[in-house]
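Given next are the chains, with one letter for each unit.
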Amino acid sequence: MLKYKSKEKMTMLGQAGEKVVSRFCREKGMEVSESIYTYDSQKDMTVNHLKAEVKTQMLFQIQDAFTVKDDQLFKCMNAEFL
């Protein structure tokens, strides 16, 4: 059985989320261009030429909300598509 460190698990989860979003958008006829840099400070991809940021994490069921780490807040606040 493979064992991954927490950081590796978060990276893999994020990459899986980005694949799901890019496939969904393409199936809806949108133009998608993934960033070639894993840690792009501006965006994860563009969707119809808009900067897109994808966050893949567990939803807080009680609050119907999600959190964003401080180091990700700038990207989320400046994304045109979140």
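Refer to the structure above for everything that follows.
The present account deals with the structure reproduced in this document.

Scoring rules and cut-offs
Sequence order sets the numbering: in each chain, residues are counted from 1 along the sequence as written. Whole-chain, interface and lining totals are the exception, using all residues; otherwise, since this is a predicted model, local features are given only for residues with pLDDT of at least 70 and side-chain atom pairs are given and counted only at 80 or more. Just so you know, side-chain values use all the structure's heavy atoms and leave hydrogens and water out. Only DSSP runs of H or I reaching four residues or more are called helices, and only runs of E reaching two or more are called strands; each is numbered from the N terminus. Exposure classes here rest on a 1.4 Å probe applied to the protein chains alone. A residue is buried below 20% of its type maximum, exposed above 50%, and partly exposed in between. Only heavy atoms enter the contact rule, under which two residues are in contact if any of them lie within 4.5 Å. Here the accessible surface of atoms and residues is derived via Shrake-Rupley with a 1.4 Å probe, and residues count as covered only by protein chains that are part of the display. Think of it this way: Lys and Arg go in the positive column, Asp and Glu in the negative one, and His and the chain ends go nowhere. Where a charge lies is defined by one atom per residue type, namely NZ (Lys), CZ (Arg), CG (Asp) and CD (Glu). Here, strands pair whenever DSSP counts at least two bridges between them. Between the N-to-C directions of two axes lies an angle of 0 to 180 degrees, each axis being a line fitted to C-alpha atoms and, for a helix, fitted only over the stretch in contact. Each reported salt bridge corresponds to a side-chain nitrogen of Lys or Arg within 4 Å of a carboxyl oxygen of Asp or Glu. Here a helix's expected span is defined as the number of its residues, less one, multiplied by 1.5 Å. Comment: arc refers to directions from the helix axis out to C-beta atoms.

Our next topic: the overall build of the protein chain. Each helix and strand in the protein chain was counted, giving 2 helices and 3 strands. Secondary structure of the protein chain in N-to-C order comes out as α-β-β-β-α. Overall size of the protein chain, expressed as C-alpha extent along the three principal axes, is 35 × 35 × 25 Å. Sorting the 82 residues of the protein chain into buried and exposed places 20% on the buried side. A separation of at least 24 residues holds for 39% of the contacts in the protein chain among residues at least 6 apart in sequence. Accessible area for the protein chain stands at about 6,900 Å²; split by element, carbon and sulfur atoms hold 58% of it. Distance between charge centroids for the protein chain: 7 Å, based on 13 positive and 12 negative side chains.

The strand order across the open sheet built from 3 strands is β1-β2-β3, with neighbouring strands paired in antiparallel fashion. Here the strands that pair on one side only, and so sit at the sheet edges, are β1 (32–34) and β3 (50–52). On average, adjacent strands in this sheet sit at an angle of 25 degrees to one another, irrespective of strand direction. One ladder, built from 3 bridges, connects strand β2 (residues 45–47) with β3; its direction is antiparallel. Across the sheet, M45 pairs through a bridge with A52, a residue of β3.

Applying the stated criterion across every chain, the model contains 6 salt bridges. Between E53 and K55 there is a salt bridge, and its shortest N-O distance comes to 2.9 Å. The class for E53 is buried, based on a relative accessible area of 3%. Overall, K55 belongs to the partly exposed group, its relative accessible area being 29%.

This part is about helix α1 (residues 6–27). Over its 22 residues, α1 extends 32 Å from the first C-alpha to the last, a length consistent with the 32 Å expected when each residue adds 1.5 Å. Listed as buried for α1 are G17, S22 and C25. Looking straight down α1, one finds that the buried residues subtend no more than 130 degrees of arc, so they occupy a single side. Exposed and oriented more than 90 degrees from the buried face of α1 are K9, K19, V20, R23 and E27. The inward-facing, buried residues of α1 abut β1 and β2.

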